[in-house]
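Understanding the architecture of this molecule
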Amino acid sequence: HPLQQYASDVVRTLIALRKNGQAESLRIAAVNGLGASLLAIPSNILGTLTSSILSEEGDDVKLIQDELVTLSSQVVSPSDSGQVEADWAFACSRVIGSALGRGLARESSSRDWEPCVLDDNDVIVDVITKTIFPQIIGSAAKSEEAGAKVTSNCYDLATLANACESGGKSAARTIVSE
């Protein structure tokens, strides 16, 4: 795979930038880059190497799993204190929407994309389908039940829309049936 020698470093660098970035714009760029990278990297080229970028050893899949859970919490509980926070929540929404779409469409026979870590790894798919998906659906339903006015701050709904787009008909059927 053309990304074989770079995959682990790319994922770890982007997660480190998101965690340690001083400027919010850098953190947003790191999350956007991570989302694109996760769609391009199959799990079989990820590693378990020690990285000097993050001051921790560990499995790349575990780092990705933890990062997806962290980003999903930003979607269901965004800060409403300004445009920067809105941009941050929207960036998280795009990444989580792509992850949901790919994870939910994993079993679809009509997939027209190459496998990536978001749909070819059992651990990641379990986190997406059993932890993140119910959290996002629950948040969207809670907003609806409360009679909340739909505003530009409905990141849970934007996440589900993105999931429908990235996962195709299979993901859309699953989301609508919930």
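So, how was this worked out
Residues numbered from 1 in each chain as written. Predicted model: local features only at pLDDT ≥ 70, side-chain atom pairs only at ≥ 80, totals over all residues. Heavy atoms only, no water. Helix = DSSP H or I, 4+ residues; strand = E, 2+ residues; numbered from the N terminus. Contact = heavy atoms within 4.5 Å. Expected span 1.5 Å × (residues − 1). Buried < 20%, exposed > 50% of the residue type's maximum accessible area, 1.4 Å probe, protein only. Phe/Tyr/Trp six-rings, centres within 6.5 Å; stacked < 30°, edge-to-face > 60°. Lys NZ or Arg CZ within 6 Å of the ring centre and 35° of its normal. Salt bridge = Lys/Arg side-chain N within 4 Å of Asp/Glu carboxyl O. pLDDT = per-residue confidence, 0-100. Axes fitted to C-alpha atoms, helices over the stretch in contact; angles between N-to-C directions. Left-handed = near helix turned anticlockwise from the far one by under 90°. Nonpolar A, V, L, I, M, F, W, Y, C, P; charged D, E, K, R; others polar.

Our focus in this paragraph is the side chain of Ser-37. Following the sequence through the fold, Ser-37 ends up in helix α2 (residues 24-40). Every residue in contact with Ser-37, bar those within four places of it in the chain, is listed here: Val-10 and Leu-14.

Further remarks concern helix α1 (residues 7-20). Its 14 residues place the ends of α1 20 Å apart at the C-alpha level, agreeing with the 20 Å of an ideal helix rising 1.5 Å per residue. Regarding α1, the residues found buried are Ala-7, Ser-8, Val-11, Arg-12, Leu-14, Ile-15, Ala-16 and Arg-18.

One pass over the structure, following the stated rule, counts zero aromatic pairs. A cation over an aromatic ring shows up here: Arg-27 above the ring of Trp-88, its NZ or CZ 4.4 Å from the ring centre.

Under the counting rule described, the total for this entry stands at seven salt bridges. Measuring nitrogen to oxygen at the nearest pair gives 2.4 Å for the salt bridge that ties Asp-122 to Arg-106. Here Asp-122, found in helix α6 (residues 122-145), pairs with Arg-106, found in the loop between α4 (83-104) and α5 (117-120); they are 16 residues apart in sequence, far enough to count as distant. The class for Arg-106 is partly exposed, based on a relative accessible area of 22%. Taking the shortest distance from any N to any O, the salt bridge between Lys-130 and Asp-126 comes out at 3.6 Å. One end of the pair, Lys-130, and the other, Asp-126, are both in helix α6, four residues apart, so they sit about a helical turn from each other. Here Lys-130 falls in the exposed class, since its relative accessible area comes to 61%.

This next bit is on the confidence of the model for the chain. Here the chain averages 83 in pLDDT, and 80% of its residues register 70 or above. Mean pLDDT across the elements of the chain ranges from a minimum in α6, with 88, to a maximum in α2, with 93. Low pLDDT (under 50) marks residues 49-57, which in the prediction has 16 contacts with non-local residues, meaning those over four places away or in another chain.

With respect to the helices, strands and loops of the structure, Thr-129 is situated in helix α6. Each C-alpha atom, one on Thr-129 and one on Gly-103, is 6.6 Å from the other, the two residues being 26 residues apart in sequence. What Thr-129 contacts, discounting residues up to four positions off in sequence, is Gly-103, Leu-104 and Pro-134.

Let us look at the packing of α1 against helix α3 (residues 60-76). Between α1 and α3, the least distance of the axes is 11 Å, while the angle of their chain directions is 35°. Helix-helix and strand crossings are classified by hand; for α1 and α3 the assignment is left-handed. In this structure, α1 contributes Ser-8, Val-11, Arg-12, Ile-15, Arg-18 and Lys-19 to the contact, and α3 contributes Asp-60, Leu-63, Ile-64, Glu-67, Thr-70 and Leu-71. Here the contact of α1 with α3 is composed, by residue class, of five nonpolar, two polar and five charged.

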